[in-house]
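# Coordinate analysis (summary)
The primary structure of each chain is shown beneath.
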Amino acid sequence: MKNKFELLARWGYAARGIVYVLLGGLALASAFYGAGQQASNENALGNLLGAPFGRVLLSAVAVGLFGYVAWRLAQAFLDADHHGSDAKGLGARAASLISAAGNATLAIAAASLALGAGGQGGSNREDSMTAWLMGQPFGRWLVGAVGIAIIGGGLFQIWRGYSKKYQDRLSIPAEHAGKIHAVSLFGLAARGVLFAVVGVLFVFAALAVDPQQAGSTTEALDYIRHLPFGRILYGLAALGLVAFGLYGLVQARYRRIDAPDLRQAAAALT
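A short tour of the structure in this document, coming up. Note that this is a predicted model, so its numbers are computed, not measured. (Residues numbered from 1 in each chain as written. Predicted model: local features only at pLDDT ≥ 70, side-chain atom pairs only at ≥ 80, totals over all residues. Heavy atoms only, no water.)

## Thoughts on the packing of helix α8 (residues 217–225) against helix α9 (residues 230–254)
Between α8 and α9, the shortest axis-to-axis distance is 7 Å and the interhelical angle comes to 150°. Judged by residue contacts, Leu 221, Ile 224 and Arg 225 of α8 engage Gly 230, Arg 231, Leu 233, Tyr 234, Ala 237 and Leu 241 from α9. When the residues that make up the contact of α8 with α9 are grouped by side-chain class, the tally is 6 nonpolar, 1 polar and 2 charged. (Axes fitted to C-alpha atoms, helices over the stretch in contact; angles between N-to-C directions. Helix = DSSP H or I, 4+ residues; strand = E, 2+ residues; numbered from the N terminus. Contact = heavy atoms within 4.5 Å. Nonpolar A, V, L, I, M, F, W, Y, C, P; charged D, E, K, R; others polar.)

Structure, rendered in C-alpha cells:
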C-alpha cells in the first residue's frame, strides 16, 4: 500500500461490491420464491444489520463507502487516474464526481442505519430529486436530459465490459483472467442494462411531467419483472447484480490505484 488513501479506496471498492452482492441476493430470492423483501439498497443494508455483529459489519461497510466517495473525489479533483484536462479527460472526471455524489447517499444511508437513525427510501429520494428538477426553468427538459445521460452511462458500462476496457486498470493474474472476465462482463452488462432502464424511466417522467415516473435500480427491476418473460429476465438481472458486486471485489484486490499523498491532497484543496 502506498498510503492510507489507497487502503481506503480498496476498502471502498469492497464495500460497494458487498452492497451489490446483497442487493442481487435479495432480487434472486424474490425471483425464485416470488416473495420476500423488495430488492433495494436500504433492505440490503438492513439485512446486513441483522447478521451476527451486524452493526459492526454495517459500520465497516459505511466507512468503506465513504472511502469510495473520497476516492472518486480524488479522481475528479486531483486527477488520481491521470485522465488529463482535455475534453475526454474532463468527461471522465465529471463521471467520477457524479459517482461520488450518488454513492454518498448510499454511504449516508449505511451510516444512518449503523447509528440506528434509519434512512429515507431510495424511491423517495428519486422522486424528490426529480420533482426539484421539474420545478426549475425548463425542468421537463432537464429531467429528460438526465434520463438520456443515464441511458448513455448504461450503454457505456456495457461497452466497457465487451471491449474489455475495464481491464486497463486491473492487474489480473493470467490463471484467473478467464473466470474474472466472464463474471465482470456479465456484471457490467447487467448493471448497464439496469442503468439504461432507469434512464428510460426518467425520460417517461419528463414526457408525462410526473416526477413519480422516475426511479432507481429498484424500480428498474420492477419494470423488468413486468415485461414478457419477466421472471426470467428479472432473475438474470439479479444474477448480474451479484456478478457486479463480485467485480467490485475484484477491483478491491487487483485495481491499480495511484493514490494521492494525503498531505499533497490537502495542500491542493486549500
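## A few points about the packing of helix α7 (residues 177–208) against α8
At their nearest, the axes of α7 and α8 sit 9 Å apart, and the two run at 95° to each other. On the basis of their axis angle, the class for α7 and α8 is roughly perpendicular. Contact residues: Leu 194, Val 197, Val 198, Leu 201 and Phe 204 in α7; Thr 217, Glu 219, Ala 220, Leu 221, Tyr 223 and Ile 224 in α8. Its residues placed into classes, the contact of α7 with α8 shows 9 nonpolar, 1 polar and 1 charged. (Parallel < 35°, antiparallel > 145°, perpendicular 65-115°, else oblique.)

## Considering a nonpolar patch on the surface
The grouping of Phe 186, Val 200, Phe 204, Leu 207, Tyr 223, Leu 227, Phe 229, Ile 232, Leu 233, Leu 236 and Leu 239 at the surface amounts to a nonpolar patch, some 1000 Å² of accessible area in total. Here Val 200 shows up in helix α7. (Patch = residues over 30% accessible without salt bridge, like charges linked within 9 Å, V, L, I, M, F, W, Y side chains within 5 Å. Areas by Shrake-Rupley, 256 points an atom, 1.4 Å probe, with all protein chains shown as cover. Salt bridge = Lys/Arg side-chain N within 4 Å of Asp/Glu carboxyl O.)

## A closer look at helix α4 (residues 87–114)
Taking 1.5 Å per residue, 28 residues should reach 40 Å; α4 reaches 40 Å between its end C-alpha atoms and fits that length. One or two steps after α4, the chain reaches Gly 116, where phi turns positive at roughly 80°. (Expected span 1.5 Å × (residues − 1).)

## Description of the nonpolar core
Formed by 35 residues in total, the largest nonpolar core has its most connected members in Ala 39, Val 143 and Leu 221. Listing elements by their share of this core, those giving two or more residues are α1 (4–33), α5 (122–134), α6 (139–163), α7, α8 and α9. Setting aside residues no more than four positions away along its own chain, Leu 221 makes contact with Ala 27, Ala 39, Leu 194, Tyr 234, Ala 237 and Leu 241. Among the nonpolar cores identified, the runner-up in size contains 15 residues, and Val 19, Leu 45, Val 61 and Leu 65 belong to it. (Core = buried A, V, L, I, M, F, W, Y, C linked by side-chain atoms within 4.5 Å. Buried < 20%, exposed > 50% of the residue type's maximum accessible area, 1.4 Å probe, protein only.)

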